[in-house]
Amino acid sequence: MHVRDLVGEAVAGMLARPVRSALTTLGTVLGITTLVITLGVAATAGNQIVGRFDELVATAITVEVPESTNGPLVAWDSLDRVTRLRGVVSAAAVAETKDSSNLSVRSNDLVDPARVTTQTLTVLAATTGLPEAARGRIVQGRFYDVGHVKRADRVAVLGDQAAKMLGVTDLDRAPAIFIGKHAYTVIGILGDLRRERNLSSAVIVPPTVGKQFGLRDVTRVLVNTSLGAADLIAGQAPDALSPGNGDQLQVIAPPSPTRARDQAQDDVNALFLILGLVSLAVGAVGIANVTLVTVMERVAEIGLRRSLGAARRHIAAQFLLESTLIGLAGGVIGASVGVVAVVAVSAAKQWTPLLDVRLAIGAPIAGAVVGLLAGLYPALRAARMEPVDALR
Amino acid sequence: MPEPVIELTAVCRDYPAQPPVRALDDVSFRVARGDYLAIVGPSGSGKSTLLNVLGLLDRPSSGSYRLDGTETTTLRDGERTELRGDRIGFVFQSFHLLAHRSVVENVMLAEIYGGHPRKGRRERALGALERVGLGHRVNFLPDRLSGGERQRAAMARALMGEPSLLLCDEPTGNLDSRNTEAVLDLFDELREQGLTIVVITHEREVSTRAGRRVRITDGVLVEEA
């Protein structure tokens, strides 16, 4: 028997009762649709989680500069070379030493026995780009600028926690703080930090001022990149900061996005997956049932085909192929409906739909396999029929 | 002497029951090429069993059945199926046309099993329909045809692939007298073309038109003059 004849007979058998065939596919359609929606929406939502992730963490790079015996590894002015790199959004160099992390800071020179006026705070030196680099906001006043740095003005910016501890609430009257013996004018308060949160309890001074506290060399560089540039910048930044000694710098880059995505996709809603599989199983039972009824109805046809020279395997193949085609049709419809639903959900939520090609191809195949399995028993029944009985 | 189309020797067919039913009892006869044989008998006489044995749909319990010189009782199931599709054209009382397929498609069905080429199948089917005088109805669905036309379509299907034997089971049982007449005329024509025809019938009109007549009663076959 020619394969095309077999396919032709199966298709004709399926189309002979179009309404019944359509209803039979319904179970498979529901099952496949549920599966495609579940997997598709899970993947899309997973991608969305990664998307939000990206903005906070995946663009943040920190370069740690180790201490060096022969001169500084990173000069303060080398930061310009990093900001020039394409993909860098903001960057700041920070100096912080062990000695500078517990300096006593007072907000005035009076000794008030009723209050603790002296706080032990971290003092660090930073370049002017720190608010952006730390993704913070100047809550009050302003940050120091290049002029302050150049003139080595005795100014300081407080982190919002530090300001609270020191009782600095109002900058209008240019309050001063005392670090050690010297007074510094507080010109701004930095808050809402999304990176380097410890800065909120620190006193930040210009690098030229920081020298007085031993903050001579850059110890850390904060870099923010645009989305997707982190990997590239992580490779380029050390060489830009310290040509020739780049390999001595330690780069802390975000995990590569693919790994983050894998984790997110584990969040598949298991309940819906099970629901889809259950409806698929119900669909298979439906196909089996209807195919069995069809076989019983077509006993005379089976007899005729046997009389025309059809072997048992021809009969089995025809019914098996019919049920497989019904399953395949259900799979194709289900996959289409599912994909449309995923796109619709994404459109409603303003997400980027993530459609796996394997899902779009696999779903119809899964439907066909369901049909094939469902058709096994009816096809066997049809093939076992004795032609004498079938023609009676 | 040429090989007979059918050669039955001492064929018995028992149905397992308590006590066993002997549907065919030591049946022997030959049908030569070009014969037109009618098998008559009341219902329950073993007519259908004989037809099933002749059509290779059933195996005799004992005895020998040679079809076109091939001993069939020793063949395996698949070989019998092949031989059946190749050598025997069936005509049934209830036509057995597929309701959803046009007349020509129903006729073409005869060639999808076995090694017939796909090429020219439609032309051969149209030729067979022409042969039974149904050339003007090829694209009709069976339910648009009269009973006689349906039986002629079924005969066109049986004639596809040039069988050596046309095996007819009450071919006029569902037809009125005018259609019966037309079908019988067609049998005469086919026989003149050299086809071997075996008709099982209980209608006197049909059996008298046949060249030979055998009567079967309680499984015993008797040749009638």
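This text goes with the structure placed above it.
Let me begin by describing the structure that accompanies this report. (Residues numbered from 1 in each chain as written. Chains lettered and ligands numbered in written order. Predicted model: local features only at pLDDT ≥ 70, side-chain atom pairs only at ≥ 80, totals over all residues. Heavy atoms only, no water.)

1. Quick look at the interface of chain A and chain B
Point 1. Taken residue by residue, the interface counts 23 residues in chain A and 21 residues in chain B.
Point 2. For the pair chain A and chain B, the two sides together bury roughly 2,200 Å², of which 59% comes from carbon and sulfur.
Point 3. Sorting the residues of chain A by area buried against chain B places Leu304, Leu308 and Val388 of chain A first, and these three jointly supply 26% of that buried surface.
Point 4. Summed over the shared surface of chain A and chain B, the result is four salt bridges.
Point 5. In this structure, Asp77 of chain B engages Arg312 of chain A in a salt bridge whose closest nitrogen and oxygen atoms are separated by 3.1 Å.
Point 6. Remark: the boundary between chain A and chain B carries seven residue pairs in polar contact (both at pLDDT 80 or more).
Point 7. Mapped by element, the contributors of at least two residues to the side of chain A that touches chain B are α1 (3-16), α11 (299-307), α12 (312-349) and α14 (387-391) of chain A.
Point 8. Broken down by element, the side of chain A that touches chain B gets its largest block of residues, six residues, from α11 of chain A.
Point 9. For the side of chain A that touches chain B, the residue count by class is 11 nonpolar, five polar and seven charged. (Contact = heavy atoms within 4.5 Å. Buried area = accessible area lost by both parts, 1.4 Å probe. Salt bridge = Lys/Arg side-chain N within 4 Å of Asp/Glu carboxyl O. Polar contact = N/O pair within 3.5 Å; in protein donor to acceptor, adjacent residues only side chain to side chain. Helix = DSSP H or I, 4+ residues; strand = E, 2+ residues; numbered from the N terminus. Nonpolar A, V, L, I, M, F, W, Y, C, P; charged D, E, K, R; others polar.)

2. What about α11 of chain A?
Point 1. Within α11 of chain A, seven of the nine residues are buried, which leaves the element mostly enclosed by the surrounding structure.
Point 2. One or two residues past the end of α11 of chain A sits Gly309 of chain A, with phi positive at roughly 105°. (Buried < 20%, exposed > 50% of the residue type's maximum accessible area, 1.4 Å probe, protein only.)

3. So, the sheet that holds strand β4 (residues 62-67) of chain B
All names here are of chain B.
Point 1. The four strands are arranged β2-β1-β4-β5 in an open sheet whose pairing can be described as antiparallel. Whereas interior strands pair on both sides, the edge strands pair on one side only; in this sheet they are β2 (21-31) and β5 (70-71).
Point 2. Note that strand β1 (residues 6-15) and β4 share five bridges and pair antiparallel. Paired with Leu8 across the two strands is Tyr65, which belongs to β4. (Pairing = 2+ DSSP bridges.)

4. Describing the environment of Val223 of chain A
Residues and elements named next belong to chain A.
Point 1. With respect to the helices and strands, the residue Val223 is situated in strand β10 (residues 220-225).
Point 2. Judged by relative accessible area, Val223 falls into the buried class, the value being 0%.
Point 3. For Val223 and Ala92, which are 131 residues apart along the polypeptide, the C-alpha to C-alpha distance reads 6.7 Å.
Point 4. In this structure, Val223 is in contact with Thr59, Ala60, Ile61, Val82, Val88, Ser90, Ala91, Arg195 and Ile233, ignoring residues within four places of it in sequence.

5. Considerations on the packing of α11 of chain A against α12 of chain A
Residue and element names in this part refer to chain A.
Point 1. Closest axis-to-axis distance for the α11/α12 pair is 10 Å, and the angle between their directions is 135°. As far as their axial angle goes, α12 and α11 are oblique. Judged by the sense of rotation from one axis to the other, the crossing of α11 with α12 is right-handed. Of the residues in α12, those in contact with Glu301, Ile302, Arg305 and Arg306 of α11 are Arg312, Ile315, Gln318 and Phe319. (Axes fitted to C-alpha atoms, helices over the stretch in contact; angles between N-to-C directions. Parallel < 35°, antiparallel > 145°, perpendicular 65-115°, else oblique. Left-handed = near helix turned anticlockwise from the far one by under 90°.)

6. A closer look at the environment of Asp188 of chain B
Residue and element names in this part refer to chain B.
Point 1. With respect to the element layout, Asp188 can be found in helix α6 (residues 177-192).
Point 2. Judged by relative accessible area, which is 21%, Asp188 ranks as partly exposed.
Point 3. Between the alpha carbons of Asp188 and Ala210 there is a distance of 8.5 Å; along the sequence they are 22 residues apart.
Point 4. Excluding anything up to four places from it in sequence, Asp188 contacts Tyr36 and Arg209.

7. Some thoughts on the sheet that holds strand β6 (residues 88-91) of chain B
All names here are of chain B.
Point 1. If you trace the six strands from one edge of the open sheet to the other, you get β6-β7-β8-β3-β9-β10, paired in mixed fashion. For this open sheet the edge positions go to β6 and β10 (220-224), each flanked by a neighbour on one side alone. Averaged over neighbouring strand pairs, the angle between their axes works out to 20° when direction is ignored.
Point 2. As paired elements, β6 and strand β7 (residues 165-169) share four bridges and run parallel to each other. Across the sheet, the residue bridging to Ile88 is Leu165, located in β7.

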